[in-house]
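One-letter residues, chain by chain:
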Protein chains: 4
Amino acid sequence: MIVVMKSNSSKDDVNKICNIIKDEGYETHLSEGVEKTIIGVVGANGKKENLKSQLLTYKSVEKVVIIVEPFKLTGRDFKPDKTVIDIDGVKIGGKKPVIMAGPCAVESEEQILETARIVKEAGAEILRGGAFKPRTSPYSFQGLGEEGLKLLAKAREETGLKIVTELMDIQHLDVVEEYTDIFQIGARNMQNYPLLSAVGKASKPVMLKRGMSATIKEWLLAAEYIMSEGNKEVILCERGIRTFGERTRNTLDLSSIPLVQQISHLPVIVDPSHGTGKWDLVIPMARAGIAAGADGLIIEVHPNPGEALSDGQQSLKPENFKMLMEEIDLISRAINREDN
Amino acid sequence: MIVVMKSNSSKDDVNKICNIIKDEGYETHLSEGVEKTIIGVVGANGKKENLKSQLLTYKSVEKVVIIVEPFKLTGRDFKPDKTVIDIDGVKIGGKKPVIMAGPCAVESEEQILETARIVKEAGAEILRGGAFKPRTSPYSFQGLGEEGLKLLAKAREETGLKIVTELMDIQHLDVVEEYTDIFQIGARNMQNYPLLSAVGKASKPVMLKRGMSATIKEWLLAAEYIMSEGNKEVILCERGIRTFGERTRNTLDLSSIPLVQQISHLPVIVDPSHGTGKWDLVIPMARAGIAAGADGLIIEVHPNPGEALSDGQQSLKPENFKMLMEEIDLISRAINREDN
Amino acid sequence: MIVVMKSNSSKDDVNKICNIIKDEGYETHLSEGVEKTIIGVVGANGKKENLKSQLLTYKSVEKVVIIVEPFKLTGRDFKPDKTVIDIDGVKIGGKKPVIMAGPCAVESEEQILETARIVKEAGAEILRGGAFKPRTSPYSFQGLGEEGLKLLAKAREETGLKIVTELMDIQHLDVVEEYTDIFQIGARNMQNYPLLSAVGKASKPVMLKRGMSATIKEWLLAAEYIMSEGNKEVILCERGIRTFGERTRNTLDLSSIPLVQQISHLPVIVDPSHGTGKWDLVIPMARAGIAAGADGLIIEVHPNPGEALSDGQQSLKPENFKMLMEEIDLISRAINREDN
Amino acid sequence: MIVVMKSNSSKDDVNKICNIIKDEGYETHLSEGVEKTIIGVVGANGKKENLKSQLLTYKSVEKVVIIVEPFKLTGRDFKPDKTVIDIDGVKIGGKKPVIMAGPCAVESEEQILETARIVKEAGAEILRGGAFKPRTSPYSFQGLGEEGLKLLAKAREETGLKIVTELMDIQHLDVVEEYTDIFQIGARNMQNYPLLSAVGKASKPVMLKRGMSATIKEWLLAAEYIMSEGNKEVILCERGIRTFGERTRNTLDLSSIPLVQQISHLPVIVDPSHGTGKWDLVIPMARAGIAAGADGLIIEVHPNPGEALSDGQQSLKPENFKMLMEEIDLISRAINREDN
């Protein structure tokens, strides 16, 4: 940590700040520049965030810069090798990108089974589908609940696809855990700490969506909440951030893929459906996600988007999904990703 | 709702879309412009969001514009008169702005009692203080828990101040309800729907902070979640939004105050402490919030910010808070707000 | 255009607004919904922006929605077929993506010639290099000026590459036009209307970078300024937008590629160097740009980035550029873009 | 400047980087922390931006943090006392906030004279009005040009008000300088460096609007461009930034007022008209601007907003402006600003 003193600070000011730092158990390291005095704070990283906050209350302190990233379990320093999550042979974070596909919400047995067959045949390995739906308005369709989970399990039984479905409510943890293969934590809950801690104690992998306005640091610290409870199988999912852009639902920030892969060992996938909100943008952005190096995609597919109970406008038709899967395969090979 | 057809759409395309709309139970109203055909959709507003989503799956549809705001209980159409929440004589939403003040977190009996006395004397009516703290990192101080609630109650007993404190976890609802006068729902939980529904069934008023990247619409729909469960006493709190600004913790969006007051009858207050993250910006922005017409302020005050366990850098010292209260009083009178 | 009246507006209010609209030469088309009255405004689009602004001054008007896009010359309605700009056989907007590469700034004869040879050999067709540099600080290196233009021309002579270089100052138009093949208008000047009008009268194609916070509409209207002066050869360049992201120079908004291609016939290319600001993100984002369907890339390459006079941190080394070109070729084929 | 080395960097890596720094004429100052090695770079600040860029090209370097602010002439270190600009007795930056008011555009002699009388009587000291208008679309009203300037001068003659009007085109500098008292540089031209340099050599004060997505640093560096050419009379104007907010034209960032006042000695004023884009938000936000400590306001007023040729929706009617002026007066006194 570096403390920058104001230009007009006196020797006494500097000494006072140094003493406060030493009282907290750190060493100080003084460096007098031409215009500013800088105090280096050396010592284990434990409570530096709080020390920073305290030092900023003094008028003689201009700014405090934390040097060491706050990530422990999520960082490459902790685990240099990439994490590969293996769900009965489906590997997330391996050489081959993993495709998760399915409807926004589970609507009926017919709908989920038909979708499952379609995405399986096109090459997907994991079936997505919401049973508990977070909706911006309390008056919108909220999902089928446990009935939806049972239908997902039925689709798994028939097709062999694994399942990913959202957990919104800590009180549903047990029932969701009973049916799903992967917990999805939605963007709105990225900083719902009790929920993060709860899935951190659970026995299934967790796919953690990036919050709508979350920095990379906040996103990884949310993963840290999960991992610090013991669950080391976390998948990150970029799903677009909020910007001034008014023609897409969100702005898909694909640069987060290589950025996260530099800092963290966790696999990171892309959701071009929520990332754009428009089915005709999903295809180019899915291709771009793979080209940027994503470890997989999660894509909304519906047998008949015009009749979907939610998010029809961003769901691919079966034939478009099939075409996309072929392009993705070629792009994966182009950047040497294919083959597990 | 208005459906705009693409320029090159045929009569058949238009008919097809009209039929879909009629099948959902709405009337259509055709208007052929020089360049575009527009279909007006007339009927009660129930499921228009979903119809919009479905219509956008057709290639002949360029865009769909929803005309009627989705707010019911929170809107001025539902209740033209401003809501005044009366907590044993402390009125929020009345003529006089209400000041909530206190430390970021309850740290000790001495700290909370001392702060309570200071803010009471300066004119505050409600004591803030976190017992359960949402922290970005799992390794930061997480609050004293129930012990903190008890200390808040003790401070209330001594000073007569009301209490506002954050509820993060649905499992703590009962214990928080036992001690607090107002539930605070934090920015990170603005779209934590199970939590919103839970406080919607509770017996105490709820202060709902604006999410970090929430639009006015999303914020009011979050309030709608609470109100639709029966609890009509909701206070909105502007606490800054996330922008590209890098010298403040958030960008305090004071224009949300008059905007919300036009649309909704709910009281709206300002948090300049989190809105700026810097104690020396809190004073000007608190004044500005009152001048913009806010129904109150929530301000972090600490007897000794340099020793605070969290957010010391944005806490006011007692003497600064006192000065601010005097300025606020004059500004309230300038815009004719003083006197309950 | 659609005028939405407030819920509580009277028949008189509606009549008054209708009369104002008719006085401006438009027809009105009334539609009374369950909750709102809507007035359709029918007629040629000439001055609707101003009429909107006037109508919004009436208290009975809730909002005004413009339906027809304001684009004329840049829109697909004006010219359904994609524009292909042919510079002596180098086609921009054709089937094959075009690669522009070179240093941020022209620094010396040796540097620009060496870079030109490197990028030519790797497959680039256009040489980039700044002679006049827009720098955030007046104290930074501002470019070699006309001397830089002469060096670019020398590199063209030797390698056959075409040239793209920035025009910042209307007073340099003649000298830049003498040497360059394509004018670059930088992000900071996207709404410098005198400059846009000037290049609109010039005889060379213009590459128009997206402003740092420009919407798609603003970007295309800036192109409209150029085209309305007669110059129909405009290339759009996505170079990242400003968001809250703090680990990249900008947030590269690749969804703008397919969005612009739907609305406009103009070619659109991607600048992953400014879009990320970090050389190790340039490669994945360049690949992603091509996969998203871009008509080309503009990439900073320097023989020795560690000695560059500007933007070294985002410049590719020759060997990395070469590898990237091979991957780009494969991705182009994967999405069926290769071959002119 | 501080260079942070990657965790896995070797002694050789550190030495290499130190040598590069020394070769550029700086001293190094090594500090080995528990996890990271940090190199302090000591020496005059001349070319540190470029050195930073070069160092970031090395894989062993994690990040480079510049410590000293890049402001020279605009900073408080250069000139601790606040700048007061005196235009024939009208003082900007003094104790009393200065009010600039008038129409968006000069439309006719009658309109500008009537407005001038109205705003003068209400207490404004400076008349605003555009003669050359930057419009997003080339098809919108572009202003009356020199004719507009003459009308402004006529209004000055009659009322004694000073004039502020926009300069967009470097080729109009002489004609605008002939008539105006203050040059306005618009938000779109905040980084139009040739224009900034030109007004830097002119003889009249410059009001520099903040760019739509400009950081405080970029804004002050733009002022630095003007001041470094010799013109020391720069007024900064906050006019809102671009965010995700969709119900206002911009998001007025009032925290920039106290922030800029801490860093710079230049006066800073607020434009609540462009900052909100809605006349009914102008009043609360104008009051808030004064309460936040602004040195003045610039407000659009039109005798008949419903007939304005531009920006009618954000123009105040005379009676509302008058009421606002009274409130502003009271707020100024409340924060001890009144009286020159």
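Bear in mind that the values here come from a model prediction, so they are computed numbers and not experimental data.

A. Structural view of the relation of the copies chain B and chain A. With an RMSD of 0.0 Å, chain B superimposes on chain A once it is rotated by 180 degrees and translated 0.0 Å along the axis. Look at the turn and shift together and you get a two-fold axis relating the two. Closest to the rotation axis within chain B is the C-alpha of Ser213 of chain B, separated from it by 3.0 Å. Mapped onto chain A, 100% of the interface residues of chain B are again interface residues, and the two copies thus contact each other with one and the same surface.

B. Spotlight on the pairing of strand β2 (residues 27-32) of chain B. Residues and elements named next belong to chain B. Relative to strand β3 (residues 37-42), β2 is paired through six bridges, and the arrangement is antiparallel. When the sheet's bridge partners are listed, Ser31 is paired in β3 with Ile38. Counting the residues that bridge the hairpin from β2 to β3 gives four residues.

C. Structural view of the pairing of strand β12 (residues 234-238) of chain A. All names here are of chain A. Most of β12 sits inside the fold, with five of its five residues counted as buried. Alternating positions in β12 separate into two faces, Val234, Leu236 and Glu238 on one and Ile235 and Cys237 on the other, with burial throughout. The pairing of strand β11 (residues 206-209) with β12 spans four bridges and is classified as parallel. Bridge assignment links Val206 to a residue of β12, and that residue is Val234. Between the parallel elements β12 and strand β13 (residues 268-270), the chain passes through helix α8 (residues 256-263) in a crossover that is right-handed.

D. Seen up close, helix α3 (residues 109-122) of chain D. Residues and elements named next belong to chain D. The first and last C-alpha atoms of α3 sit 20 Å apart over 14 residues, in line with the 20 Å expected at 1.5 Å per residue. Taken as a whole, α3 has its buried residues at Gln111, Ile112, Leu113, Thr115, Ala116, Val119 and Ala122. Contact partners of the buried residues in α3: β7 (98-102), β8 (126-128), α4 (146-159) and α11 (318-334). Once α3 finishes, Gly123 follows within two positions and takes phi at roughly 120 degrees, a positive value.

Cut-offs applied
- Residues numbered from 1 in each chain as written.
- Chains lettered and ligands numbered in written order.
- Predicted model: local features only at pLDDT ≥ 70, side-chain atom pairs only at ≥ 80, totals over all residues.
- Heavy atoms only, no water.
- Least-squares fit on C-alpha atoms with pLDDT ≥ 70 in both.
- Contact = heavy atoms within 4.5 Å.
- Pairing = 2+ DSSP bridges.
- Helix = DSSP H or I, 4+ residues; strand = E, 2+ residues; numbered from the N terminus.
- Buried < 20%, exposed > 50% of the residue type's maximum accessible area, 1.4 Å probe, protein only.
- Right-handed = clockwise from strand over helix to strand, strands pointing away.
- Expected span 1.5 Å × (residues − 1).

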